[in-house]
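# Chains, contacts and geometry: an overview
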Amino acid sequence: MYRVACTLKEASCILGNFFGELCPVCEGCRDRPDDKLALKTEGGLTLTGEADLIIEGHSALTGAPAKAQLTDYGFEFFGDITEIARIKNARCVYVGRTVDFAKEG
């Protein structure tokens, strides 16, 4: 288990790009408050809320099973943490620049 410190807005981005069953939530990202979670399924179901949600699925990168549990500091991740690091270090395709979560908000 790995602990990932981030806002719920950042968790929406990271988890939306990690889990193959979810879609990236790029549209509306800039307007979303840091304390709001927003996830979308491939079927169009939108999940919004706060901490304590558990997500189980598969990596969009490798297909390996993984689990994430939201917490008050970000989320706990049960899977290959290098995939999460890869997503955090990726370019933000929505705004066309490198993602710097410390400056977002």
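In total, this model carries 0 disulfides according to the counting rule given. Cys 6 forms no disulfide, and the closest cysteine sulfur to it belongs to Cys 13, at a distance of 9.6 Å. When its relative accessible area of 14% is taken as the criterion, Cys 6 is described as buried.

Along helix 2 (residues 81–88), the residues classified as buried are Glu 83, Ile 84 and Ile 87. Buried residues of helix 2, seen end-on, are gathered within an arc of 100° and therefore sit on one face of the element. Turning to helix 2, the residues buried within the fold contact strand 1 (2–5), helix 1 (8–18) and strand 7 (74–78).

What follows covers the environment of Gly 44. With respect to the helices and strands, Gly 44 occurs in the loop between strand 3 (37–41) and strand 4 (46–49). With a relative accessible area of 53%, Gly 44 lands in the exposed category. For the pair Gly 44 and Cys 23, spaced 21 residues apart in sequence, the C-alpha to C-alpha distance is 8.7 Å.

Looking now at the sheet that holds strand 1. Strands sit in the order 1-7-6-5 across an open sheet of 4 strands; the sheet is antiparallel. Here the strands that pair on one side only, and so sit at the sheet edges, are strand 1 and strand 5 (54–58). Going from strand to strand, the sheet's axes swing by 25° on average, the running direction of each strand aside. Summarising the sheet, strand 6 (residues 65–71) and strand 7 pair through 5 bridges and their orientation is antiparallel. Within the sheet, the bridge partner assigned to Thr 71 lies in strand 7 and is Gly 74. Across the sheet, helix 1 touches strand 5, strand 6 and strand 7, and the angle it forms with strand 6 is around 170°. In the packing of helix 2 onto the sheet, the strands contacted are strand 1 and strand 7, and the crossing angle to strand 1 comes to about 15°.

In terms of nonpolar packing, the biggest core is built from 19 residues, with Leu 15, Phe 18, Phe 19, Leu 70, Phe 75, Phe 77 and Ile 84 touching the most fellow members. Listed by contribution, the elements that provide at least two residues to this core are helix 1, strand 3, strand 6, strand 7 and helix 2. With 5 residues, the top contributor of residues to this core is helix 1.

What follows is about the side chain of Glu 76. Within the secondary structure, Glu 76 is located in strand 7. Within the structure, the side chain of Glu 76 is placed 3.0 Å from the side chain of Tyr 73, a separation counted as a polar contact. Beyond its immediate sequence surroundings of up to four residues, Glu 76 is in contact with Met 1, Tyr 2, Arg 3, Lys 67, Ala 68, Gln 69 and Thr 71.

Rules behind the numbers
- Residues numbered from 1 in each chain as written.
- Predicted model: local features only at pLDDT ≥ 70, side-chain atom pairs only at ≥ 80, totals over all residues.
- Heavy atoms only, no water.
- Disulfide = S-S within 2.5 Å.
- Buried < 20%, exposed > 50% of the residue type's maximum accessible area, 1.4 Å probe, protein only.
- Helix = DSSP H or I, 4+ residues; strand = E, 2+ residues; numbered from the N terminus.
- Arc of directions from axis to C-beta.
- Contact = heavy atoms within 4.5 Å.
- Pairing = 2+ DSSP bridges.
- Axes fitted to C-alpha atoms, helices over the stretch in contact; angles between N-to-C directions.
- Core = buried A, V, L, I, M, F, W, Y, C linked by side-chain atoms within 4.5 Å.
- Polar contact = N/O pair within 3.5 Å; in protein donor to acceptor, adjacent residues only side chain to side chain.

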